[in-house]
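# Structural description and commentary
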Amino acid sequence: MSPLNDSILPRFESMGARNDADSLDKYGRDHSSFSMPDPLAVVFPRNTEDVVELVQYAREHGIALVPSGGRTGLSGGAVASHQELVVSFEKMNKIIDFDPLAPAITVEAGVITATVQDYARDQGLFFPVDYASSGSSQVGGNVATNAGGIKVLRYGLTRDWVLGMTVVTGQGEVLKLNNALVKNATGLDLRHLMIGSEGTLGLITEVTLGLTSPPPQQAVMVLGCPDMDQVMALFARARNQLTLSAYEFFSDKALQHVLDGGQSQPPFDERTPYYALIEFDCTDDSDQDRALAVFSNSLEAGEVVDGVISQSDSQAAELWTLREHISERISHLLPHKNDIAVRVARLPEFLKKLDALLHEHYPQFEVIWFGHIGDGNLHLNILKPADWSIEAFKQETASINAHVYGLVKEYAGSISAEHGLGLLKRDHLSDSRSEAEIQLMRQIRLLFDPDGILNPGKMLPDPI
Amino acid sequence: MKILVCLKQVIDYQVRVQVNPDATGVVTDGVKMSINPFDEIALEEALRLREAGKATEVVAVSIGNASVKTQLRTGLAMGADRALHILSETAIDPLTAARVLLKIVEHEAPGLVIMGKQAIDDDCNQTGQMLAALWDRPQATFASELLVDGQTARVTREVDAGLETIEVDLPAVVTTDLRLNTPRFVKLPDIMKAKRKPLDESPIDSYGIEAANAAQALNYAQPPERKKGVMVDSISELVEAMKQRGVL
Ligand SMILES: Cc1cc2nc3c(=O)[nH]c(=O)nc-3n(C[C@H](O)[C@H](O)[C@H](O)COP(=O)(O)OP(=O)(O)OC[C@H]3O[C@@H](n4cnc5c(N)ncnc54)[C@H](O)[C@@H]3O)c2cc1C
């Protein structure tokens, strides 16, 4: 045990500091594959003051801190592999205040996303940021990655729901940003710098989130499409005719992995190359009739082959599992995950080129397509062939990245739509952002964290 | 053989049910209504029997106000051949439902009646048994497997001690348990087709039966809130906590 470590444990005993092998392994990694956890220790602050104390200690001793939420991140943002001190927000899990008038809820950063959703529902309200990892991801992590999810189409990103926050900078300063005001035209809104900063500008300790009214009764359709062009043509039609809250898609290969789990049944007997999942407002028969019209018109136009519609909320939930279980069902196959986006209008062309590229250069890999296609976001997962070593596969994925991100750049898209950059995507930042922008980001980072103790090595590429 | 399937409209299983302000019932305004899940399983089983050539016609019946037509249409879209709506503005109790169903059964003469073991709203678990008694025919409740062979049905029942297999002569009443099958999704083209299938309505009093409720609800209350669980950090803490509570 290093002398430093010797002193950390007693020093932060009150914050539950530990360094047993199990804890180091657990708290040193997130949901991204290929990470090698090697933290110094883990601490569990209980309030903003504790966090300030940790930052001051880290500055004095030159220790790096890794803010750690629910560790569901997919880009290695919460990975600690260089003897960092992991700051877990797990114990900061209290709901501080509920404001029915705003309506808004103020929570500690470690509150689980689903807890906010449930709380809102119990008040007859709705917190719309939602995705498959809501049961374990934390509000702090959502804010730090500006998480998106399945309802972005109607409700936007986490950014759109953050009314205020308390954050501790790399110099131990406590900033209370925006004080939950709706209107506040008083200079630069630093809150928005914090959102999506992946723990590099400050440690978020409290967040005020806006809430809204729940949507009316809804239904879910899953429709089978012959190709991606038709998935997008169907989107244009559905968006026009129905009040959508989600438009997702997945490939038949993705579906097969979910079905192999043995817990779901296919939507209908015939299998099609792609499926669109549409969630829309459906309060009465006339809404359902409009959905039927969309279906029959798209059937005629050759956009869809077959389709089902939920008749109960349980069925809607069951249909959602076909989409939401994909990520978990393929995770043991160590997929190389891509989370890319282009403007929706350019998607059909982009997807065609992407498909051709993968076919031409990487026919040996199984490619799983799914994503929030209604907002231009595609999750492209390339599976490691069982007989390939991790090393060989990693090497190959570097070449895939170069190819795929080159195409993303050509289409002025994003190489990370909602999963952040973390460790895995940071070196490709210049495919989405200009050198001038990256340089400004570096300078901003220095302003907030002059000693470089906040999540070093994450988000930005090393300067050349 | 004709199969009669009973579909009850209930508040959707996923809805968080709320007691109304004066505690005389639960809030149903703007709340999603669906087919009772056990009844959905009953219909699925009937459709599978028809698809396997064991039945020739599946008739769905529901007793309730005008809105239950939505659930009957869903039943038709799933594949029922026709539907009967017994219009009753007021809620009825299991015995009244069984009496009405007896009239239907006498008229339709089905070889098999399949219905849910209970409805998830009142959890009575009575109507199937009462119908069998009134009709004076065998009953096989809590079915997790149903095999029809000529004039008999072999039914595996989920009982406290495990599984029990019995054989009953048809016609009979079978009530379904959760594991009997997984109901299919409804295809969009089938919803359109269902609009053209016969859905006959008749008022409950045309059967000479008054909509009645022998039991009177005195009060409704939200269940007490569950105590929040505690998270423990390690197996040893778990063992310690269990010891403290005397469960270990
Ligand atoms: C199955 C699955 C599905 C997913 N689907 C989606 C999706 O649809 N949309 C989407 O956007 N994401 C999705 N994700 C990614 C992930 O769940 C989200 O990014 C989530 O918001 C991360 O929250 P977390 O608490 O787990 O953060 P972590 O993984 O713990 O951390 C993420 C980043 O935030 C930083 N951080 C965490 N807490 C704080 C804090 N208090 N202060 C400062 N920095 C902090 C970390 O250092 C790290 O850089 C999915 C993940 C999984 C596993």
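Above this text you will find the structure in question.
Residues numbered from 1 in each chain as written. Chains lettered and ligands numbered in written order. Predicted model: local features only at pLDDT ≥ 70, side-chain atom pairs only at ≥ 80, totals over all residues. Heavy atoms only, no water.

## Observations regarding the sheet that holds strand S15 (residues 377-382) of chain A
Either a parallel or an antiparallel arrangement is found when strands of a sheet pair, and the pairing is made through backbone hydrogen bonds. Basically, it comes down to this: Strand pairing requires that DSSP identify at least two bridges connecting the strands. Helix and strand assignments follow DSSP, with helices taken as H or I runs no shorter than four residues and strands as E runs no shorter than two, numbered in order from the N terminus.
Read across the sheet, 8 strands follow the order S13(A)-S15(A)-S14(A)-S10(A)-S11(A)-S9(A)-S12(A)-S11(B) without closing on themselves; strand pairing throughout is antiparallel. Single-partner strands in this sheet number two, and they are strand S13 (336-341) of chain A together with strand S11 (186-187) of chain B. Sheet topology places strand S10 (residues 244-251) of chain A next to strand S11 (residues 274-281) of chain A; 7 bridges connect them, and they run antiparallel. Paired with Phe 249 of chain A across the strands is Ala 276 of chain A, a residue of S11 of chain A.

## Quick look at the sheet that holds strand S7 (residues 174-177) of chain A
All names here are of chain A. Operational definition: Axis definition: a line fit to C-alpha positions, over the contact stretch in the case of helices; interaxial angles, taken between N-to-C directions, run 0 to 180 degrees. Whether two residues are in contact is decided by their heavy atoms: any pair within 4.5 Å suffices.
Read across the sheet, 5 strands follow the order S4-S5-S8-S6-S7 without closing on themselves; strand pairing throughout is antiparallel. A strand with exactly one partner marks an edge of an open sheet, and here the two such strands are strand S4 (95-99) and S7. Neighbour-to-neighbour, the strand axes of this sheet turn through a mean angle of 15°, independent of strand direction. The strands touched by helix H3 (residues 48-61) are strand S6 (162-169), S7 and strand S8 (202-210); relative to S6, the strand with the most contacts, the crossing angle is about 40°.

## Quick notes on the site of the ligand
Residues and elements named next belong to chain A. This is how the line gets drawn: Residue proximity to a molecule or strand is established when one non-hydrogen atom of the residue lies within 4 Å of it. For this analysis, a polar contact is any N or O atom pair within 3.5 Å, provided that within protein one partner can donate a hydrogen and the other can accept it, and provided that sequence-adjacent residues contribute only side-chain to side-chain pairs. The protein chains shown are the only cover counted for residues, whose accessible areas, like all others here, come from Shrake-Rupley with a 1.4 Å probe.
The local shell around the ligand holds 37 residues, among which Pro 67, Gly 70, Thr 72, Gly 73 and Ser 133 are the closest. Measuring from an oxygen atom of the ligand, one finds a side-chain N or O atom of Tyr 131 at 3.0 Å. Glu 418 is positioned such that a nitrogen or oxygen atom in its side chain is 2.8 Å from a nitrogen atom of the ligand. Protein chains shield 97% of the accessible area of the ligand, which is 970 Å² for the free molecule. Elements with a contribution of two residues or more to the shell around the ligand: strand S2 (65-68), helix H5 (139-145), S8 and helix H12 (326-331).

## Some words on the packing of aromatic side chains
All names here are of chain A. Threshold: What counts as a ring pair is set by centres within 6.5 Å for rings of Phe, Tyr and Trp (its six-membered ring), and what kind of pair is set by the plane angle: stacked under 30 degrees, edge-to-face over 60, tilted for all other angles. The cut-offs for exposure are 20% and 50% of the maximum accessible area for each residue type, with area from a 1.4 Å probe on protein chains only; residues under the lower value are buried, those over the upper are exposed, and the others partly exposed.
Following the criterion strictly, the structure yields 13 aromatic pairs over all chains and no others. Between Tyr 27 and Phe 44, the aromatic rings sit 5.3 Å apart at their centres with planes inclined by 85°, giving edge-to-face as the arrangement. With Tyr 27 in helix H2 (residues 21-27) and Phe 44 in the loop between strand S1 (41-43) and H3, the pair connects residues that are 17 residues apart, well separated along the chain. Given a relative accessible area of 1%, Tyr 27 falls into the buried group. Exposure remark for Phe 44: the relative accessible area of 3% places this residue in the buried category. Chaining the aromatic ring pairs together yields one cluster made of Tyr 362, Phe 365, Trp 388 and Phe 393.

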